[in-house]
Amino acid sequence: MIPQLFSTCGASDLFCKIGIGFGIFGAFLVFWFAMMFLVAVMSGWRVLLEKYGLPEGESMPEGTKYKWRSAALWGRFPTNYNSCLNFTSTPEGLGIATVWIFSAGHPPMFIPWGDITLEDKKFVFVKRLKMKIADTGYSFYVWGKNMEFIRCGKPA
């Protein structure tokens with residue numbers, strides 16, 4: 001289909017080919033942003049933002065940063081965020097944000113430690129840490145080295 005689009009341009013019609021290229025790229029961007037918003041809605045990220053979203057114009061508090069980490073958000077529809085989350089651990093709570101390329105529909109959130117309950121779980125042969133988020137019905141599951149920085153960051 002795409003080669004047929006380019007064949008409608010004359011052999012020397014460079015502007016036509018550039019325009020079609022920009023059109024395809026624009027269509028891809030619209031599709032990408034729509035998918036990211038759909039994932040945010042389906043996973044429950046948008047629901048958690050109502051309570052834990054950062055106020056407009058406020059940035060993530062300073063703390064220990066853990067970039068490109070993985071977690072699964074369980075609530076409406078279980079969603080894996082594999083290697084696309086950035087965590088910020090502070091004495092007050094845990095900041096969670098997606099890396100920039102996945103940030104459409106996923107504004108950062110900050111969850112106070114008092115609203116996080118930690119519980120060890122085992123899925124088949126993999127140990128995971130369940131971070132239950134207050135009474136929201138949503139939980140983040142983390143595994144591997146991510147479990148330790150969350151355990152160490154949460155005050156006893």
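Points about the environment of M42
Positionally, M42 belongs in helix α2 (residues 14–43). Linking M42 and F77, residues 35 residues apart in sequence, is a C-alpha distance of 5.8 Å. Excluding residues that lie within four positions of it along the chain, M42 makes contacts with R76 and F77.

With respect to the pattern of salt bridges
Counted under the stated rule, the structure contains four salt bridges. As a salt-bridge pair, R151 and E148 come within 3.2 Å of each other at their nearest N and O atoms. Of this pair, R151 and E148 both sit in helix α4 (residues 145–153), three residues apart, roughly one helical turn. For E148, a relative accessible area of 42% corresponds to the partly exposed category. It is possible to trace a salt-bridge network through shared partners that takes in D120, E148 and R151.

Things to note about the sheet that holds strand β4 (residues 109–112)
As summarised here, the arrangement of the seven strands in space is β4-β3-β2-β1-β7-β6-β5, forming an open sheet in which the pairing is antiparallel. Whereas interior strands pair on both sides, the edge strands pair on one side only; in this sheet they are β4 and β5 (116–123). Between one strand axis and the next, the sheet turns by 35° as a mean value, whatever way the strands run. Sitting on the sheet, α2 touches β1 (64–74), β2 (79–89) and β7 (138–143), and the angle it makes with β2 is about 80°. Relative to β4, helix α3 (residues 45–52) is tilted by about 65°, and along the sheet it contacts β1, β2, β3 (93–98), β4, β6 (126–133) and β7.

Let's talk about the nonpolar core
Within the largest apolar cluster, 28 residues are counted, with the highest numbers of intra-cluster contacts made by W45, F87, I96 and F140. Those elements giving two or more residues to this core turn out to be α3, β1, β2, β3, β4, β6, β7 and α4. Look past the residues within four positions of W45 in its chain and what remains in contact with it is A40, L73, Y81, L85, I96, A97, T98, G105, H106, P107, M109 and F140.

Things to note about the packing of aromatic side chains
Summed over all chains, the structure comprises seven aromatic pairs. Centroid distance Y66 to F149: 3.8 Å. Interplanar angle 15°. Geometry classified as stacked. Highlighted residues: Y66 in strand β1 and F149 in helix α4, separated in sequence by 83 residues. The ring centre of W143 lies 4.3 Å from the NZ or CZ of R128, which sits over that ring.

Section: the side chain of T88
When you line up the elements, T88 lands in strand β2. Accessibility expressed as a relative area gives 5% for T88, which makes it buried. Discounting residues that sit within four places of it in the chain, T88 has contacts with M60, P61, E62, G63, T64, K65, G93, L94 and G95.

Some details on the environment of P107
Mapped onto the fold, P107 is located in the loop between β3 and β4. Between the C-alpha atom of P107 and that of G53, which follows or precedes it by 54 residues, the distance is 7.1 Å. Ignoring anything within four residues of it in the chain, the contact list for P107 reads W45, R46 and L49.

A short note on the confidence of the model for the protein chain
Should the pLDDT be low somewhere, the predicted coordinates at that spot are not to be read in detail. Per-residue confidence for the protein chain gives a mean pLDDT of 87; residues scoring 70 or more make up 92%. Within the protein chain, the element-level pLDDT minimum falls on helix α1 (residues 2–7), averaging 56, and the maximum on β4, averaging 96.

Each value, and the rule that gives it
- Residues numbered from 1 in each chain as written.
- Predicted model: local features only at pLDDT ≥ 70, side-chain atom pairs only at ≥ 80, totals over all residues.
- Heavy atoms only, no water.
- Helix = DSSP H or I, 4+ residues; strand = E, 2+ residues; numbered from the N terminus.
- Contact = heavy atoms within 4.5 Å.
- Salt bridge = Lys/Arg side-chain N within 4 Å of Asp/Glu carboxyl O.
- Buried < 20%, exposed > 50% of the residue type's maximum accessible area, 1.4 Å probe, protein only.
- Pairing = 2+ DSSP bridges.
- Axes fitted to C-alpha atoms, helices over the stretch in contact; angles between N-to-C directions.
- Core = buried A, V, L, I, M, F, W, Y, C linked by side-chain atoms within 4.5 Å.
- Phe/Tyr/Trp six-rings, centres within 6.5 Å; stacked < 30°, edge-to-face > 60°.
- Lys NZ or Arg CZ within 6 Å of the ring centre and 35° of its normal.
- pLDDT = per-residue confidence, 0-100.

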